[in-house]
Amino acid sequence: MPNVVTRDKWYQLAKKLLEQTRSGKILWDVDIYSGQVIAPIGSHNICLSSDEGTDDFFVRVEDRFEAVVDRFGTKDYEAHEFEERQKIKELYVEARRSATNADAAIDEILDALGD
């Protein structure tokens, strides 16, 4: 298991990414082949993924050549580290909704259904 300092940096990264996703400052996209949610940040890409059928979520940091610089996920935190695990999960869910424009799609469907 990574040391506490590394895990704290990961948590801070997930927290900031989530905050900026919620405020619309990060534009996410879905890779149609892998299903990953990806956003360019500076000279790096942040790639989010999930393990289907489980409650495991992952964050991967790539350089501009798509080489993996770092990776972490909910599995890197102990069960009692609920807040850290939850932030990673929320980041994935919010980024995916942003990338797919889910709110606008649901609003459109609700409008089409009428009263």
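Scroll up for the structure.
Residues numbered from 1 in each chain as written. Predicted model: local features only at pLDDT ≥ 70, side-chain atom pairs only at ≥ 80, totals over all residues. Heavy atoms only, no water.

Peer 1: Describe helix α2 (residues 82-100), listing the residues and the values that go with them.
Peer 2: An ideal rise of 1.5 Å per residue puts 27 Å on 19 residues; α2 measures up with 27 Å between its terminal C-alpha atoms. Listed in full, the buried residues belonging to α2 are K87, I88, L91, Y92 and A95. An end-on view of α2 places all buried positions within 130° of arc, on one side of the element. In the core, the buried residues of α2 are packed alongside α1 (4-22), β2 (37-41), β3 (44-51), β4 (56-62) and β5 (68-73). (Helix = DSSP H or I, 4+ residues; strand = E, 2+ residues; numbered from the N terminus. Expected span 1.5 Å × (residues − 1). Buried < 20%, exposed > 50% of the residue type's maximum accessible area, 1.4 Å probe, protein only. Arc of directions from axis to C-beta. Contact = heavy atoms within 4.5 Å.)

Peer 1: Tell me about the environment of A102, residues and numbers included.
Peer 2: Within the secondary structure layout, A102 lies in helix α3 (residues 102-113). Between the alpha carbons of A102 and G53 there is a distance of 21 Å; along the sequence they are 49 residues apart.

Peer 1: Describe in detail the sheet that holds β4, supporting the description with residues and values.
Peer 2: The strand order across the open sheet built from five strands is β1-β2-β3-β4-β5, with neighbouring strands paired in antiparallel fashion. The open sheet has two edge strands with one neighbour each: β1 (29-30) and β5. Relative to β5, β4 is paired through five bridges, and the arrangement is antiparallel. Bridge assignment links V59 to a residue of β5, and that residue is F72. Strands in contact with α1 are β2, β3, β4 and β5; relative to β5, the strand with the most contacts, it is inclined by about 85°. (Pairing = 2+ DSSP bridges. Axes fitted to C-alpha atoms, helices over the stretch in contact; angles between N-to-C directions.)

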